[in-house]
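Now for the letters of each chain:
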Amino acid sequence: LVAFFNYILEKYKDKIDTNRIYITGLSMGGRNTLILARAIPDKIAAIVPICPADNNPGDVSAMKNMGIWFFHNEGDNVVNVSSSKTWCDALKNAGATPKLTIDNAKGHDAWSKTYDDREMWKWLFDQKLKITEKK
């Protein structure tokens, strides 16, 4: 994913606002959203993982300045909502301020409602890369 990301950045460098790079994905794509954001946090302004199939955040300290908004259904029968909660807890412990929206719905499809949510899109497009000084 990192190699593909870097290829796209290079190929379209004149067309990409590198201060506004966003990643979103659902289920396994939500998992990959988190993994890629953790791998290159200095290039990602914000992410929207939806019902991410990953319950192992690992070291997320480098993601603390990133905009992060999780969406999950309480009654998800494919990926337990605990995965989003686990990531949010790890991010908060690292100093991040992730958002978490848990819908009372059943089933795995949390993405239809999320991608229809104008508030989510407004929030996402308001996010900009936060540069931190390296010591």
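These remarks concern the structure in this document. From a predicted model like this one, the values you see are computed outputs, not experimental measurements. (Residues numbered from 1 in each chain as written. Predicted model: local features only at pLDDT ≥ 70, side-chain atom pairs only at ≥ 80, totals over all residues. Heavy atoms only, no water.)

### Examining the side chain of Asn-73
Looking at where Asn-73 falls in the secondary structure, it is placed in strand β3 (residues 67–75). For Asn-73, a relative accessible area of 3% translates into the label buried. Each residue touching Asn-73, except ones within four places of it in the same chain, is listed here: Val-81, Ile-102, Asp-103, Ala-105, Lys-106, Gly-107, His-108, Asp-109 and Ala-110. (Helix = DSSP H or I, 4+ residues; strand = E, 2+ residues; numbered from the N terminus. Buried < 20%, exposed > 50% of the residue type's maximum accessible area, 1.4 Å probe, protein only. Contact = heavy atoms within 4.5 Å.)

### Re the nonpolar core
Ile-44, Ile-47, Met-63 and Leu-91 are the most contacted members of the largest nonpolar core, which has 20 residues in total. Here this core takes four residues from helix α3 (residues 82–93), the largest share from any one element. Apart from residues lying up to four places away in sequence, Leu-91 is in contact with Val-60, Met-63, Ile-68, Phe-70, Ala-96 and Pro-98. Core analysis: the next-biggest nonpolar cluster, separate from the first, contains 10 residues, Val-48, Ile-50, Trp-123 and Leu-124 among them. (Core = buried A, V, L, I, M, F, W, Y, C linked by side-chain atoms within 4.5 Å.)

### Points about the packing of aromatic side chains
Tallying each qualifying case throughout the model produces five aromatic pairs. When the centroid spacing of 5.5 Å and the interplanar angle of 85° are considered together, the rings of Trp-69 and Trp-123 count as edge-to-face. One end of the pair, Trp-69, is in strand β3; the other, Trp-123, is in helix α5 (residues 118–126), and 54 residues separate them in sequence. When sorted by exposure, Trp-69 lands in the same class as Trp-123, which is buried. An aromatic cluster is built from Tyr-22, Tyr-115, Trp-121 and Phe-125, whose rings are joined through pairwise contacts. Here the guanidinium or amino end of Lys-99 rests over the ring plane of Trp-69, the centre of that ring lying 3.7 Å away. (Phe/Tyr/Trp six-rings, centres within 6.5 Å; stacked < 30°, edge-to-face > 60°. Lys NZ or Arg CZ within 6 Å of the ring centre and 35° of its normal.)

### A closer look at α3
Three or four residues apart is the spacing at which side chains of an α-helix point the same way, because the helix has 3.6 residues per turn. Under the 1.5 Å per step criterion, the end-to-end length of α3 is 16 Å for 12 residues, consistent within 8% with the ideal 16 Å. Within α3 the residues assigned to the buried category are Ser-83, Ser-84, Trp-87, Cys-88, Ala-90 and Leu-91. For α3, the buried positions fall inside an angular range of 165° around the axis, keeping them on one side. Facing away from the buried side of α3, by more than 90 degrees, are the exposed residues Lys-92 and Asn-93. Turning to α3, the residues buried within the fold contact α2 (28–39), β3 and β4 (99–106). (Expected span 1.5 Å × (residues − 1). Arc of directions from axis to C-beta.)

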